[in-house]
Amino acid sequence: MAIQTTLIILKPDAVQRGLMGRIISRFEEKGLTVVGAKMMLITKELAGRHYAVHAGRPFYDGLVKFMTSAPVLVLAVRGHEAISVCRTLMGETNAVKTLPGSIRGDFSCSRSFNLVHGSDGEETAASEVALFFKKEELLDYTRVTDAWAWDTSSGKPE
């Protein structure tokens, strides 16, 4: 697997509960790099485009209402296998069923108020990052600690 960039949204419940710093720390401590960040109010139109795959499902209207109800923090996160790493860090969608140690397992007890959104695949990540960030809003930089996050002695991150 190559270095990937994925979208993470700290949802309204994460912002309102003051968990932004603690959640971002989880991604950074794992070795991932935040390459883009913006706090924003998601419009109904943007939420509709972002969650278009769920249109018509029973939970869709409530999801759009929730995501547009208060500020969110949108992140572009980069790293080795970033998509699967982020999804593991987040835990199961239904926080009641996820184990302690994940973001949802430690900070949530709800299926719908589950604190974070993360892209579920490479195609989705590319389209979601492009939906929320212009190319010039993403920074390409190397942190000193990156050399210690993965073993690259074989020429590729492991």
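Each value, and the rule that gives it
- Residues numbered from 1 in each chain as written.
- Predicted model: local features only at pLDDT ≥ 70, side-chain atom pairs only at ≥ 80, totals over all residues.
- Heavy atoms only, no water.
- Helix = DSSP H or I, 4+ residues; strand = E, 2+ residues; numbered from the N terminus.
- Rg over C-alpha atoms; globule rule 2.2 N^0.38 Å.
- Buried < 20%, exposed > 50% of the residue type's maximum accessible area, 1.4 Å probe, protein only.
- Contact = heavy atoms within 4.5 Å.
- Areas by Shrake-Rupley, 256 points an atom, 1.4 Å probe, with all protein chains shown as cover.
- Lys, Arg positive; Asp, Glu negative; His and termini not counted.
- Charge placed at Lys NZ, Arg CZ, Asp CG, Glu CD.
- Phe/Tyr/Trp six-rings, centres within 6.5 Å; stacked < 30°, edge-to-face > 60°.
- Axes fitted to C-alpha atoms, helices over the stretch in contact; angles between N-to-C directions.
- Parallel < 35°, antiparallel > 145°, perpendicular 65-115°, else oblique.
- Left-handed = near helix turned anticlockwise from the far one by under 90°.
- Arc of directions from axis to C-beta.
- 1 Å grid on protein atoms, 1.4 Å probe; cavity = no way out; pocket = protein on both sides within 12 Å on 5 of 7 lines; lining within 4 Å.
- Points joined across faces, edges and corners; volume = space filled by probe spheres on them.
- Nonpolar A, V, L, I, M, F, W, Y, C, P; charged D, E, K, R; others polar.

**Here's the deal with the overall build of the protein**
Point 1. Helix and strand counts for the protein stand at 8 helices and 4 strands.
Point 2. Each helix (α) and strand (β) of the protein, taken in turn from the N terminus, gives the series β-α-α-β-α-α-β-α-α-β-α-α.
Point 3. The C-alpha radius of gyration of the protein comes to 16 Å, within 12% of the 15 Å expected for a compact globule of 158 residues.
Point 4. Seen through its principal axes, the protein has C-alpha atoms that stretch 50 × 35 × 25 Å.
Point 5. Split into buried and exposed, the 158 residues of the protein put 46% on the buried side.
Point 6. Within the protein, contacts between residues separated by at least 24 positions form 76% of all contacts whose residues are at least 6 apart in sequence.
Point 7. With an accessible surface of roughly 8,900 Å², the protein has 55% of that area assigned to carbon and sulfur atoms.
Point 8. The centroid of the 19 positive side-chain charges in the protein is displaced by 7 Å from the centroid of its 18 negative side-chain charges.

**Some words on unusual backbone geometry**
Point 1. Positioned with a positive phi, Glu 81 is a non-glycine residue whose angle comes to about 50 degrees.
Point 2. Its location among the elements puts Glu 81 in the loop between strand 3 (72–80) and helix 5 (82–90).
Point 3. Backbone geometry places Leu 115, a non-glycine residue, at a positive phi of 75 degrees.
Point 4. Its location among the elements puts Leu 115 in the loop between helix 6 (103–107) and strand 4 (116–118).

**Some thoughts on the packing of aromatic side chains**
Point 1. Inspection of every chain in the model, using the stated rule, returns 1 aromatic pair.
Point 2. The interplanar angle of 15 degrees and the centroid separation of 4.6 Å between the aromatic rings of Phe 66 and Phe 113 together place this pair among those described as stacked. With a gap of 47 residues between them, Phe 66 in helix 4 (residues 60–67) and Phe 113 in the loop between helix 6 and strand 4 connect regions that are remote in the sequence.
Point 3. Overall, Phe 113 belongs to the partly exposed group, its relative accessible area being 45%.

**Digging into the packing of helix 2 (residues 20–30) against helix 5**
Point 1. Contact geometry for helix 2 and helix 5: axes closest at 11 Å, N-to-C directions at 135 degrees. Here helix 5 runs oblique to helix 2, going by the angle between their axes. Between helix 2 and helix 5 the crossing geometry is right-handed. On helix 5, the residues touching Arg 26, Phe 27 and Lys 30 of helix 2 are Val 85, Cys 86, Leu 89 and Met 90.

**Considerations on the environment of Asp 61**
Point 1. Counting through the fold element by element, Asp 61 comes out in helix 4.
Point 2. In this structure Asp 61 comes out as exposed when scored by relative accessible area, which is 59%.

**Quick word on helix 4**
Point 1. For helix 4, every residue scored as buried is listed here: Tyr 60, Leu 63, Val 64, Phe 66 and Met 67. For helix 4, the buried positions fall inside an angular range of 160 degrees around the axis, keeping them on one side. With respect to the buried face of helix 4, the exposed residues turned more than 90 degrees away are Asp 61 and Lys 65.
Point 2. Contacts from the buried residues of helix 4 go to strand 1 (3–10), helix 1 (12–16), helix 3 (44–50) and strand 3.

**Regarding the layout of surface pockets**
Point 1. Quantified by volume, the largest pocket comes out at close to 750 Å³.
Point 2. Contributing to the lining of the largest pocket are 27 residues, with Tyr 51, His 54, Phe 59, Leu 63 and His 117 lying nearest its centre.
Point 3. Of all the secondary-structure elements, those providing two or more residues to the lining of the largest pocket are helix 3, helix 4, helix 5, strand 4 and helix 7 (122–132).
Point 4. Taken together, the residues that form the lining of the largest pocket break down as 9 nonpolar, 11 polar and 7 charged.

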